[in-house]
There are 2 protein chains.
Amino acid sequence: MSDEKLTPQNVDFSEWYNQIVQRAEMADYAPVRGCMVVRPYGWALWENIQQALDRRFKETGHVNAAFPLFIPMSFLEKEKEHVEGFSPELAVVTIGGGEKLEEPLVVRPTSETIIGYMYSKWIKSYRDLPVLINQWGNVVRWELRTRLFLRTLEFYWQEGHTAHASEQEARAETMRMLGVYADFAINEGAVPVIQGVKSQTEKFAGANMSTTIEAMMGDTRALQSGTSHFLGQNFARAFNIQFLDENNTLQYAWTTSWGLSTRFIGAIIMTHGDDQGLILPPRLAPIQAVIIPIFKSNPETAIVMETVRRVEAELKAAGVRVKVDDRTEVTPGFKFNDWEMRGVPLRIEIGPKDIEKGTVALARRDKPGREGKSFVPQAGLAATVTDLLIVIQKSLLERATAFRDSHIFDPKDYSELTEVVQNGWAYSYWCESTECEAKVKEDTKATTRCIPLDQSAGKGKCIVCGKEAERKVYFARAY
Amino acid sequence: MSDEKLTPQNVDFSEWYNQIVQRAEMADYAPVRGCMVVRPYGWALWENIQQALDRRFKETGHVNAAFPLFIPMSFLEKEKEHVEGFSPELAVVTIGGGEKLEEPLVVRPTSETIIGYMYSKWIKSYRDLPVLINQWGNVVRWELRTRLFLRTLEFYWQEGHTAHASEQEARAETMRMLGVYADFAINEGAVPVIQGVKSQTEKFAGANMSTTIEAMMGDTRALQSGTSHFLGQNFARAFNIQFLDENNTLQYAWTTSWGLSTRFIGAIIMTHGDDQGLILPPRLAPIQAVIIPIFKSNPETAIVMETVRRVEAELKAAGVRVKVDDRTEVTPGFKFNDWEMRGVPLRIEIGPKDIEKGTVALARRDKPGREGKSFVPQAGLAATVTDLLIVIQKSLLERATAFRDSHIFDPKDYSELTEVVQNGWAYSYWCESTECEAKVKEDTKATTRCIPLDQSAGKGKCIVCGKEAERKVYFARAY
């Protein structure tokens, strides 16, 4: 960690992000262009994200499996839109074991094709359906402009791939998993995402319909944070995933896919962070509470450390992820800054005066200075801390929701739209034509983010062309 | 699943293995030569292996992180032995984003080089040491002869990479992690491995010393099941991993690496399986107990299923991984065979007579027929099942240990050695010369597996050349 101050968010949000990711030791640049190293602190956050999602996947009947990293180039070509979408981004293995390969192998950018091939082998009858499989793994997309976590050549994610006997079931699965993502983002990440449908322009290459959870970052730009796709029978036809139905008739299956990646770490950082550094939501934070012992002289040390270790044990026993910072080569003040930068939700200070009084000092990361500080009894501390972590989690969600809502605008005309998307999102009627969408992008760099699912009934005029429009959409500049 | 009988082990062990892996739906062949798909049942077993290992890694102070899949070709060339060992096995990416790359990228066969590079950036002072990082991921080695789980182009593993301030510490870490592997294999997998040191011929490319856990499969062949390497300062010198010691002098770090892979699934299959199929150790089995309801007529069904669901709930609450097979399209007899093939340790049968008597029938997978069958009261069933799973776990380890020990021989001369390694392992004095090792391999296909750590003091004559020898080694044919 360096002692230098972070660049403030309002000076250069992008630079603030780059600095905090590295200084908090979340990730580092790899020696290969555009690739990242996820450092232990960042990976511990990802492991907590994985557990929170994996539990939800299993509760909704899914199982995990692993499919190969390499996909024959010919597989991608079987689905027309899919290959058009992904071919500019491929990493290709042409040499194996010292010899040129007859057919080049693509390093998977996503696995619809190879999983579709396997499903065509495994699925024979309606009794084999639904197939509800998820995979945790790495994928590669040859991006030109990269940012740690947000867009890297290699990234980590989960990709769910399901096959169903009916269109209705596959559509229900698509929406179920969108709901799982929204529940996870809101209740674990304290990221108040908006669920909705992607425009035809923005949808996944090969999908009939894509849905998304969209989050507003601290600079008001949108971040697509997880997607769930209804693939119709496109991949079933391309890979011949067929089954005999109850009437012994051969049918094509209906498939879905859905994914959430290490990009979500970027969403957490840019939703909650401030000029002092990260602020991690307690439910996902690798360290929920850090204990800083305060002492000056040698006899004090032993007395303070005895209480520190007892408190640590009590918190651990209560399931709190707690760490004691017992470094002797740095001052308590240095430690305060260090753990603030790393976004630990709660700091616990224990010094000689606290020992005398039977108290500890608590400092909330989400409320700087006096406002977030309290002195509480050592007795019952585990319950106090557990409750406070719940309060912090709730407070982060409320703050992010208030920020989001105060930056969503209902522009009265196109001219106002072009202004508001410079510092927020516009929520406007849109005729759903590609031309109007393209015009907004051309004029403002804002794209359509999603058509939300629950919007009040009624019609309006397209904010761009004035024609009749049935639904509202969010326009925003996005990562 | 097919109704066909498995090829018996004593007819063709290799064919038995290939059949059971696919029929039990552990894994399948991918459309890319030598790659595998790990199916949900196999992956659930791997997840249990991961949890059992990860807990041990964290208890010994390690943290997880993620390093890139791609390594610049020039990195591998920095350590002479390493590149010689791995270059024939590399998959190479030469095209990215539609353009030929200036420097080809290797798909990692192992990560000492790229992790060494990052460590050289992160480690500055003795205060930064030790660095104790593990990574869960996939690696690629371009193998020519492949077998599901045992040797595939892509496989899944963990690789630990640590850096230390002294040789002594790094050597201690190497042995600590070997001990962790042995503890895991014996106490979780019920695989009675032997710990020891690899010969110079068999060691990891780039290591000063390699250690291994070696297991005996059901056909008496050896399987290297996990390795831990002391790398000396080889990679530290190649990648300039230097630190200022307490006297402010620049020193090279001492490093280790250690790995265990999906190959261990092969070890479990070939240690415990029989002609009816898999036998999974209860501690790792994805399903520990399967409940088969038995009924003929409609009124029976409801009565039986009520008890079945109650028993299921009781076992789940007790932490037993239980599944109810409530399929109606197949007979109980079919289900018995099906779950025997999948190696579920315990079968619980519940029929109308059991309901009358307040009992259930238990059938142990490790003891076929009457011997493994018992009728026990429904009252207290959770405790009965939990205890019985412990008994089965213990019994599997004892049986495998007895089998192993009855197939380890102490041949009196070289001629006898060439015989015993056809159906077992030879444990013999060896002068540790490469020539004698090569002669045994040439004559018998047996290689040195490991020089065990704890062997009785004393000297003997090399079984091959008759020269004085200090230590005994295991010779065996290996996978």
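Residues numbered from 1 in each chain as written. Chains lettered and ligands numbered in written order. Predicted model: local features only at pLDDT ≥ 70, side-chain atom pairs only at ≥ 80, totals over all residues. Heavy atoms only, no water.

Student: Go over the overall build of chain A with me, naming the residues and quoting the values.
Tutor: Secondary structure summary: chain A contains 14 helices and 25 strands in total. For 479 residues, the compact-globule estimate of 2.2 N^0.38 gives 23 Å, and the C-alpha radius of gyration of chain A, at 25 Å, lies within 12% of that figure. By its C-alpha atoms, chain A is 80 × 60 × 45 Å across when sized along the principal axes. Out of the 479 residues in chain A, the part that is buried amounts to 59%. (Helix = DSSP H or I, 4+ residues; strand = E, 2+ residues; numbered from the N terminus. Rg over C-alpha atoms; globule rule 2.2 N^0.38 Å. Buried < 20%, exposed > 50% of the residue type's maximum accessible area, 1.4 Å probe, protein only.)

Student: Give a description of the packing of helix α9 (residues 298–317) of chain A against helix α12 (residues 381–405) of chain A that names residues and reports values.
Tutor: All names here are of chain A. Orientation of α9 relative to α12, taken along the N-to-C sense of each, is 55 degrees, at an axis distance of 9 Å. Viewed along their axes, α9 and α12 adopt a mutual orientation that is oblique. For α9 against α12, the interelement crossing comes out right-handed. Where α9 approaches α12, its residues V311, E314 and L315 are matched on the opposing element by L381, A382 and V385. (Axes fitted to C-alpha atoms, helices over the stretch in contact; angles between N-to-C directions. Parallel < 35°, antiparallel > 145°, perpendicular 65-115°, else oblique. Left-handed = near helix turned anticlockwise from the far one by under 90°. Contact = heavy atoms within 4.5 Å.)

Student: Describe the relation of the copies chain B and chain A, with residues and values.
Tutor: Relating one copy of the chain to the other requires a rotation about an axis plus a shift along that axis. Of the two same-sequence chains, chain B is brought onto chain A (RMSD 0.0 Å, axial shift 0.0 Å) by a rotation of 180 degrees. One copy is carried onto the other by what is essentially a two-fold rotation axis. In terms of C-alpha distance to the rotation axis, chain B has B:V93 as its closest residue, with the C-alpha 2.0 Å off the axis. A share of 100% of interface residues in chain B that are also interface residues in chain A marks the association as one of identical surfaces. (Least-squares fit on C-alpha atoms with pLDDT ≥ 70 in both.)

Student: Lay out the interface of chain B and chain A with the relevant residues and their values.
Tutor: Taken together, the contact pairs 51 residues of chain B with 51 residues of chain A. For the pairing of chain B and chain A, the buried interface totals around 4,100 Å² over both sides, and the portion due to carbon and sulfur atoms is 66%. Of all residues in chain B, B:P31, B:A66 and B:F70 bury the most surface against chain A, accounting for 13% of the area lost on that side. Between chain B and chain A we count 6 salt bridges in total. Where A:D28 meets B:K121, a salt bridge forms, and the shortest distance between an N and an O atom there is 3.6 Å. Joining chain B to chain A, the criterion identifies 21 residue pairs in polar contact (both at pLDDT 80 or more). If you tally residues by element for the side of chain B that touches chain A, the top one is strand β5 (residues 91–96) of chain B, at 6 residues. (Buried area = accessible area lost by both parts, 1.4 Å probe. Salt bridge = Lys/Arg side-chain N within 4 Å of Asp/Glu carboxyl O. Polar contact = N/O pair within 3.5 Å; in protein donor to acceptor, adjacent residues only side chain to side chain.)

Student: With reference to specific residues and values, describe the sheet that holds strand β22 (residues 447–452) of chain A.
Tutor: All names here are of chain A. Here we have 11 strands laid out as an open sheet, ordered β3-β7-β8-β14-β11-β10-β9-β22-β25-β21-β20, and mixed in their pairing. Sheet topology places β3 (63–64) and β20 (408–409) at the edges, where each strand pairs with a single neighbour. Bridge count between strand β8 (residues 154–164) and strand β14 (residues 254–261): 8 bridges; the pairing is antiparallel. Bridging from a neighbouring strand, Q158 pairs with L260 of β14. Contacts from helix α8 (residues 263–272) reach β10 (209–216), β11 (222–230) and β14, with the element oriented near 145 degrees to β11. (Pairing = 2+ DSSP bridges.)

Student: Explain the pairing of strand β18 (residues 359–364) of chain B residue by residue, including any values.
Tutor: All names here are of chain B. Most of β18 sits inside the fold, with 6 of its 6 residues counted as buried. Burial along β18 is two-sided: the face carrying T359, A361 and A363 and the face carrying V360, L362 and R364 are both buried. Bridging between strand β17 (residues 346–350) and β18 involves 4 bridges; their strand directions are antiparallel. Among the inter-strand pairings, I348 is bridged to a residue of β18, identified as L362.

Student: Quick one: what's the story with the sheet that holds strand β10 (residues 209–216) of chain B, residue by residue and with numbers?
Tutor: All names here are of chain B. If you trace the 11 strands from one edge of the open sheet to the other, you get β3-β7-β8-β14-β11-β10-β9-β22-β25-β21-β20, paired in mixed fashion. Of all strands in the sheet, those bounded by a partner on one side alone are β3 (63–64) and β20 (408–409). Where β10 lies against strand β11 (residues 222–230), 8 bridges are found, and the strand directions are antiparallel. By the bridge assignment, A215 is partnered in β11 with L223.

Student: Talk me through unusual backbone geometry; I want residue IDs and the actual numbers.
Tutor: The omega torsion across A:L129 and A:P130 is -5 degrees, close enough to zero to call that bond cis. Along the polypeptide, A:P130 turns up in the loop between α5 (112–122) and β7 (131–140). A positive phi angle, near 70 degrees, is found at A:E432, a position not held by glycine. On the secondary structure map, A:E432 appears in the loop between β21 (425–430) and α14 (434–444). Overall, A:E432 belongs to the partly exposed group, its relative accessible area being 35%. The backbone of B:T220 sits at a positive phi, close to 75 degrees, despite the residue not being glycine.

Student: Quick one: what's the story with the side chain of B:T227, residue by residue and with numbers?
Tutor: All names here are of chain B. With respect to the secondary-structure elements, T227 resides in strand β11. Its relative accessible area of 13% is what places T227 among the buried residues. At 3.3 Å, the side chain of T227 forms a polar contact with the side chain of H229. When residues no more than four places from it in sequence are discounted, the contact partners of T227 are Y181, T211, T212, S257, W258 and G259.

Student: Please set out the nonpolar core residue by residue, giving values where relevant.
Tutor: Core analysis: the largest hydrophobic core is formed by 88 residues, its most contacted members being A:F70 and B:F70. Excluding anything up to four places from it in sequence, A:F70 contacts A:V93, A:L105, A:V106, A:V107, A:I114, B:V32, B:A91, B:V107, B:V140 and B:W142. (Core = buried A, V, L, I, M, F, W, Y, C linked by side-chain atoms within 4.5 Å.)

Student: Quick one: what's the story with the packing of aromatic side chains, residue by residue and with numbers?
Tutor: Per the stated rule, a full pass over the model turns up 32 aromatic pairs over all chains. For the pair B:W43 and B:Y156, a centre-to-centre distance of 5.1 Å together with 85 degrees between the ring planes defines the contact as edge-to-face. Pair noted here: B:W43 is in helix α2 (residues 40–59) and B:Y156 is in strand β8 (residues 154–164), with a separation of 113 residues, a long-range link. Ring centres of B:F155 and B:W157 lie 5.7 Å apart, and the angle between their planes is 90 degrees; this geometry places the pair in the edge-to-face category. Given a relative accessible area of 10%, B:W157 falls into the buried group. Through successive ring pairs, a cluster of aromatic residues spans A:W46, A:F57, A:W136, A:Y181 and A:W258. In this structure, A:R221 packs its charged tip against the face of A:Y479, placed 4.3 Å from the ring centre. (Phe/Tyr/Trp six-rings, centres within 6.5 Å; stacked < 30°, edge-to-face > 60°. Lys NZ or Arg CZ within 6 Å of the ring centre and 35° of its normal.)

Student: I'd love a proper account of the pattern of salt bridges, names of residues and values included.
Tutor: All names here are of chain A. A complete count under the given rule lists 75 salt bridges over all chains for this structure. Between R327 and D338 there is a salt bridge whose closest N-O contact spans 2.9 Å. Linking R327 in the loop between β16 (322–324) and α10 (332–341) with D338 in helix α10, this pair joins segments that are 11 residues apart in sequence. For K394, the salt bridge goes to E398, with nearest N and O atoms at 3.2 Å. A residue pair is termed a helical-turn pair when its members lie 3 or 4 positions apart in one helix, as K394 and E398 do in helix α12 at 4 residues. Because the salt bridges share partners, they merge into one network encompassing E25, D325, R327, K335, D338 and R342.

Student: Explain the confidence of the model for chain A to me, using residue names and the numbers behind them.
Tutor: Mean pLDDT over chain A works out to 96, with 99% of the residues at or above the 70 mark. For this predicted complex, the interface confidence reaches an ipTM of 0.96, while the overall pTM sits at 0.97. (pLDDT = per-residue confidence, 0-100.)

Student: Could you give an account of the pairing of β10(A), naming the residues involved and the relevant values?
Tutor: Residue and element names in this part refer to chain A. Counted residue by residue, β10 has 8 buried out of 8 residues, so it is predominantly covered. Burial along β10 is two-sided: M209, T211, I213 and A215 facing one way and S210, T212, E214 and M216 facing the other are all buried. Bridging between strand β9 (residues 194–197) and β10 involves 4 bridges; their strand directions are antiparallel. By the bridge assignment, Q195 is partnered in β10 with I213. The loop that links β10 with its antiparallel partner β11 comprises 5 residues; one of these, T220, has a positive phi angle of about 75 degrees.

Student: Which residues make up α2(B), and what are the values?
Tutor: Each α-helix turn comprises 3.6 residues. Residues three or four places apart therefore point the same way. With respect to burial, α2(B) is a largely interior element, 14 of its 20 residues being buried. Phi turns positive one or two residues past the end of α2(B), at B:G61, with a value near 90 degrees.

Student: Give a detailed account of the environment of B:A52, specifying residues and quantitative values.
Tutor: All names here are of chain B. Secondary-structure assignment places A52 in helix α2. Taking the C-alpha atoms as reference, A52 lies 7.5 Å from E188; in sequence the two are 136 residues apart. Here A52 is in contact with F184, E188 and L284, once residues within four sequence places are set aside.

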